[in-house]
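An overview of the molecular structure
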Number of protein chains: 2
Amino acid sequence: TQQLLPRWTQHARPFRVINSDRSIKKGIMASDLRDLRNKVMDVFHMHCVSALVLDEDGTGVDTEDFFQTLKDNTDLMFLGKGQKWAPQQRHLPGQKKVERSNT
Amino acid sequence: TQQLLPRWTQHARPFRVINSDRSIKKGIMASDLRDLRNKVMDVFHMHCVSALVLDEDGTGVDTEDFFQTLKDNTDLMFLGKGQKWAPQQRHLPGQKKVERSNT
């Protein structure tokens, strides 16, 4: 039924969108996938967004119905031409401090 | 509908705002994003606030509609010129006490 409603009745929801090198992340409100893509292009000054993927595992969000199942504040990454998703480097606390002992 | 109401009818809500080196944190009441930015400049004696970001993940809070989705007492960080968000160092209990034994 969501698709049959006029655009203005759709409820805009918050998403957290990051660029492919994870240097900039923005909170963006969007009611549908096209709306989100347009806003991503505005906010990040992109001419074209090749893909939107889930930041957690790189799952492509290509369809409106899948997009509508995402929870509020889902982390999404957008990809420009030639860019690829890569898993987040998780530096666990203390991890960098592991040093080889002098034995 | 929030946007259609006169400014004075908006309900001021509490936020917890920290500076970029996480040395000072203040509880600040604000009804909208502009109000919060102005109060941050007053409270922290800043001439200019470049950005407000979520302390948890660095998401930029640039728009009023996204700001209005934030819960009361959300932790926010403000950034001055040239300052960047960095993830909070989480010192798990006991972790700092791990020392290399002299073998």
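In this report, we go over the structure that sits alongside the text. This one's a predicted model, so the numbers in the text were calculated from it and none came from an experiment. (Residues numbered from 1 in each chain as written. Chains lettered and ligands numbered in written order. Predicted model: local features only at pLDDT ≥ 70, side-chain atom pairs only at ≥ 80, totals over all residues. Heavy atoms only, no water.)

Overview of the overall build of chain A
What chain A contains, in helices and strands, is two helices and four strands. Across chain A, helices and strands are ordered from the amino to the carboxyl terminus as β-β-α-β-α-β. Counting all 103 residues of chain A, 36% fall into the buried class. In the structure as shown, chain A presents an accessible area of about 7,000 Å², 52% of it carried by carbon and sulfur atoms. (Helix = DSSP H or I, 4+ residues; strand = E, 2+ residues; numbered from the N terminus. Buried < 20%, exposed > 50% of the residue type's maximum accessible area, 1.4 Å probe, protein only. Areas by Shrake-Rupley, 256 points an atom, 1.4 Å probe, with all protein chains shown as cover.)

Notes on the nonpolar core
All names here are of chain B. In terms of nonpolar packing, the biggest core is built from 18 residues, with Val17, Leu36, Val40, Val61 and Leu70 touching the most fellow members. Looking at this core, the elements with two or more residues in it are β1 (13-18), β2 (25-30), α1 (33-43), β3 (51-54), α2 (64-68) and β4 (75-79). The leading source of residues in this core is α1, at three residues. When near neighbours in sequence (up to four residues on either side) are disregarded, Val40 contacts Val17, Ile28, His45, Val49 and Phe78. (Core = buried A, V, L, I, M, F, W, Y, C linked by side-chain atoms within 4.5 Å. Contact = heavy atoms within 4.5 Å.)

Things to note about α1 of chain B
Since the α-helix advances by 3.6 residues per turn, residues separated by three or four positions end up pointing in the same direction. All names here are of chain B. For α1, every residue scored as buried is listed here: Leu33, Asp35, Leu36 and Val40. With its buried residues spanning 155° around the axis, α1 presents them on a single face. Residues of α1 that are exposed and point more than 90 degrees away from the buried face comprise Arg34 and Asp42. Packed against the buried residues of α1 are β1, β2, β3, α2 and β4. For α1, the N-terminal capping position is held by Asp32, with its side-chain oxygen 3.3 Å away from the main-chain nitrogen of Arg34. Phi turns positive, to about 55°, at His45, one or two residues after α1. (Arc of directions from axis to C-beta. Polar contact = N/O pair within 3.5 Å; in protein donor to acceptor, adjacent residues only side chain to side chain.)

Examining the environment of Asp21 of chain B
Residues and elements named next belong to chain B. Counting through the fold element by element, Asp21 comes out in the loop between β1 and β2. Judged by its relative accessible area of 55%, Asp21 is exposed. Placed 67 residues apart in sequence, Asp21 and Gln88 show a C-alpha to C-alpha distance of 9.7 Å. A polar contact is formed between the side chain of Asp21 and the side chain of Asn19, at a distance of 3.1 Å.

With respect to the pattern of salt bridges
A full pass over the atoms with the stated rule returns 12 salt bridges over all chains. The closest approach of N and O atoms between Asp57 of chain B and Arg16 of chain A, which form a salt bridge, is 3.1 Å. Within this pair, whereas Asp57 of chain B is found in the loop between β3 and α2, its partner Arg16 of chain A is found in strand β1 (residues 13-18), the two belonging to separate chains. The residues Asp57 of chain B and Arg16 of chain A share a single accessibility class, namely buried. Here Asp35 of chain A and Lys39 of chain A are joined by a salt bridge, their closest N and O atoms 3.4 Å apart. On the criterion of helical spacing, the pair formed by Asp35 of chain A and Lys39 of chain A is a turn pair, its members being four residues apart in helix α1 (residues 33-43). In this structure Lys39 of chain A comes out as partly exposed when scored by relative accessible area, which is 27%. One salt-bridge network, in which partners are shared between bridges, spans Arg16, Lys25 and Asp75 of chain A together with Glu56 and Asp57 of chain B. (Salt bridge = Lys/Arg side-chain N within 4 Å of Asp/Glu carboxyl O.)

None of the figures reported here should be taken as evidence of function without further support.
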